[in-house]
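Structure assessment
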Amino acid sequence: MAAPAGFGSIPLGGGTLLTGVAAEVAATDFGRLVRRVPGAVLRPGSVEDVVAAIRWAGAHGLPIAARGAGHAMNGQGLVDGGIILDLRSLNTVHLVAEDRVVVDAGALWSAVVAATTARGLTPPVLTDYLETTVGGTLSAGGLGGMSHRHGAQTDTVLELDVVTGAGELVTCSREHERELFDAVRAGFGQLGVLVRATIRLIPALPMSRCYRLRYTDLGALTADQSRLIAEDRFDYVEGSAGLGETGTPEYKLEVATFVPTLSDVDSDALLAGLRHEPGAVEIEDTTYPEFLDRLAPGVAFRREIKEWELPHPWLNVFLPGPAAAEVVGRIMAELTLVDLAPCGVILLYPVHTARSGTPLLRLPDEPVAFLFALLLTADPAEPGAILRMAQRNRRFYECVLQAGGTTYPIGPPGLKPSEWVAHYGEAWPAFQAAKARFDPKRIMTPGPGFWPDSPA
Ligand SMILES: Cc1cc2nc3c(=O)[nH]c(=O)nc-3n(C[C@H](O)[C@H](O)[C@H](O)COP(=O)(O)OP(=O)(O)OC[C@H]3O[C@@H](n4cnc5c(N)ncnc54)[C@H](O)[C@@H]3O)c2cc1C
């Protein structure tokens, strides 16, 4: 789409507007798979600037999308020729009360955690990586090792302020404007821009003991993970897959308990009956905030070796509990040590699907589902690596689909509109009706390509 002249006529009260070459800062995302150059990037100075930009885009028939930390992986938040609202300029933590935090949607989760843990409180669910924005993960779902207990981050939201595609500022919650509330949580910005969120808080215990246990039997790992969440033994339950030195698949259970003092921990009771390999159990004691930020050193290393800037054709899917070990086993059998270079990560962990009440977060129809995340990097030295991995991801996705699984649409594969309709299933009619009501000019966030009229 050709960028029209005149972005300077958006009636802004403040903020910063980048146009021309400067707007290319928002032309791609963490995936580095899609490039779309916006006509302008606005760093709003206020919610009124967000309203003005959306109304202006509507009047000019231009696409517009919010951008948080840009950690999407398949161009979901990119626009060609339109406007990107870089929400990170609206990042105030307004209030930390006993049971809730009120925060601008552009705040990073690391800032929210710093503000709340200073008061002995924490959001119930945190993603593994904290340098994403509140608006970004609430537009996706937001899962982590606490999701088996509390669902997704979208399930812990009490209230949202949204500037709709019609340019109206609306407050919504479970009790008020429920249609909007249900269609913006995990809604990838299809209806409007989240500008403020009220999120539930729970007490944060100051210390964490994390255990890492080795498995060679994948069925034993998923059975133990299912048992642990059924018994609610740990605060945090995750797991991972990898390849040993000879390329044989091996697995790890990662669990943590949060406590007032480490002397309260009874490791024997916590680990009783688990079917891990005999031998060393890795134990890591940290403060709770250190545990939450555990990925920071790894990310610093990836940045140092420039891996962070390479293409990331990541695949994130949910598998129904009974099929998880079989499907993951099949996928692992296809991977080699080269696939995991330089620092590939494969996550596998369970959630209770009934703990999530987010209609647009599509989980398999089973009491327990597993998040399976294949977080691999395309080798810049291999010609055609991105295409090869995209085709493989598509094939893996089809295996997942056949087994009754779903995609977590933060990354590839991009689906066709008819496939999105099937993905959203019984939630689709309400999503479609909310789109028509709150984004009547259909200007919001074309990137995911959900709708038949989405630009290719
Ligand atoms: C290193 C890494 C680790 C991750 N770990 C996890 C994890 O543990 N668990 C998990 O669930 N996910 C994880 N993710 C995925 C991540 O949570 C999502 O990609 C999330 O959407 C990124 O947030 P962001 O602030 O970067 O949003 P962006 O990438 O900027 O935006 C994502 C989408 O949301 C829309 N959007 C952003 N802000 C708003 C807003 N305020 N209002 C309306 N729409 C908006 C955008 O238009 C876009 O469609 C990880 C991603 C990376 C790269």
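Above this note sits the structure.
The following paragraphs examine the structure supplied in this document. (Residues numbered from 1 in each chain as written. Predicted model: local features only at pLDDT ≥ 70, side-chain atom pairs only at ≥ 80, totals over all residues. Heavy atoms only, no water.)

Notes on the pairing of strand 14 (residues 249-259)
Note the cut-off: Residue burial is assigned from relative accessible area. The probe radius is 1.4 Å, only protein chains are included, and a residue is buried under 20% of its type maximum, exposed over 50%, and partly exposed in between. Only DSSP runs of H or I covering at least 4 residues are called helices, and only runs of E covering at least 2 are called strands; the numbering of each starts at the N terminus. Paired strands are those between which DSSP finds at least two bridges.
When you tally the buried positions in strand 14, you get eight out of eleven residues, the bulk of the element. Relative to strand 14, strand 12 (residues 207-215) runs antiparallel, the two sharing nine bridges. The residue bridging leucine 213 from the neighbouring strand is leucine 253, located in strand 14. Where strand 13 (residues 236-243) meets strand 14, eight bridges bridge the pair, whose relative direction is antiparallel. Residue pairing in the sheet places tyrosine 236 in a bridge with alanine 256 of strand 14. Between the end of strand 13 and the start of strand 14, which pair antiparallel, lie five residues, with glycine 247 showing a positive phi angle near 90 degrees.

Quick word on helix 13 (residues 417-424)
We count it as follows: It is the directions from the helix axis to the C-beta atoms that the arc portrays. Residue contacts are defined here by distance: any two heavy atoms, one from each residue, within 4.5 Å place the two residues in contact.
Taken together, the buried positions of helix 13 are occupied by Trp420, His423 and Tyr424. Down the axis of helix 13, the buried set is contained in an arc of 85 degrees. They therefore lie on one face. Projecting away from the buried face of helix 13 at angles above 90 degrees are the exposed residues Ser418 and Ala422. Looking at the buried residues of helix 13, the elements they touch are strand 19 (406-407) and helix 14 (428-438). Once helix 13 finishes, glycine 425 follows within two positions and takes phi at roughly 50 degrees, a positive value.

Looking at the packing of helix 6 (residues 218-231) against helix 10 (residues 321-334)
Test applied: Axes, fitted as lines to C-alpha atoms, cover a helix only where it is in contact. Angles between the N-to-C directions of the axes lie from 0 to 180 degrees. In these notes the angle categories are as follows: under 35 degrees is roughly parallel, over 145 is roughly antiparallel, 65 to 115 is roughly perpendicular, and the rest is oblique. Take the far helix as the reference: if the near one is turned anticlockwise from it by less than a right angle, the crossing is left-handed, and if turned clockwise, right-handed. Any residue outside Ala, Val, Leu, Ile, Met, Phe, Trp, Tyr, Cys, Pro, Asp, Glu, Lys and Arg is labelled polar, Gly included; the first ten of those are nonpolar and the last four are charged.
Put simply, helix 6 and helix 10 touch, their axes get as near as 9 Å, and they point 140 degrees apart. As summarised for this structure, helix 6 and helix 10 are arranged oblique, according to the angle between their axes. In the packing of helix 6 onto helix 10, the handedness of the crossing is right-handed. Residues Leu218, Gly219 and Thr222 of helix 6 form the contact with helix 10, whose own contacting residues are Ala325, Val328 and Gly329. Here the contact of helix 6 with helix 10 is built from residues that sort into three nonpolar, three polar and no charged.

Thoughts on the nonpolar core
Nonpolar side chains in soluble globular proteins tend to be buried together. Worth spelling out the cut-off: Residues belong to a common nonpolar core when they are buried Ala, Val, Leu, Ile, Met, Phe, Trp, Tyr or Cys residues joined through side-chain atoms within 4.5 Å.
Grouped together as the largest cluster of nonpolar side chains are 113 residues, with contacts concentrated most on Leu160, Phe372, Leu374 and Phe431. Of all the elements, strand 18 (residues 368-375) adds the most residues to this core, at eight residues. Ignoring any residue separated from it by four or fewer positions in sequence, one finds leucine 374 in contact with Trp314, Leu315, Ile331, Leu335, Val345, Ile346, Asn393 and Phe396. Counting residues in each nonpolar core, the second largest holds 22 residues, with Phe7, Val50, Val51 and Ile443 among its members.

Side note on the sheet that holds strand 3 (residues 64-67)
Strands sit in the order 1-2-4-3 across an open sheet of four strands; the sheet is mixed. Either end of the sheet is taken by a strand with one partner, and the two such strands are strand 1 (16-19) and strand 3. Taken over all neighbouring pairs, the strand axes of this sheet differ in orientation by 20 degrees on average, direction set aside. As judged from the four bridges shared by strand 1 and strand 2 (residues 40-43), these two strands associate in the antiparallel manner. If you follow threonine 19 over to strand 2, its bridge partner there is alanine 40.

Topic: unusual backbone geometry
Cis rather than trans, the peptide bond between alanine 341 and proline 342 has omega equal to -10 degrees. With respect to the helices and strands, the residue proline 342 is situated in the loop between helix 11 (337-340) and strand 17 (345-352). Proline 412 connects to proline 413 through a cis peptide bond whose omega is 0 degrees. Along the polypeptide, proline 413 turns up in the loop between strand 19 and helix 13. Although it is not a glycine, glutamate 177 adopts a positive phi angle of roughly 50 degrees. Inspection of the secondary structure puts glutamate 177 in the loop between strand 9 (169-173) and helix 5 (178-184). A positive phi is found at phenylalanine 188, a non-glycine position, where the angle reads about 45 degrees. Structurally, phenylalanine 188 can be placed in the loop between helix 5 and strand 10 (192-200). What makes phenylalanine 188 buried here is its relative accessible area of 10%.

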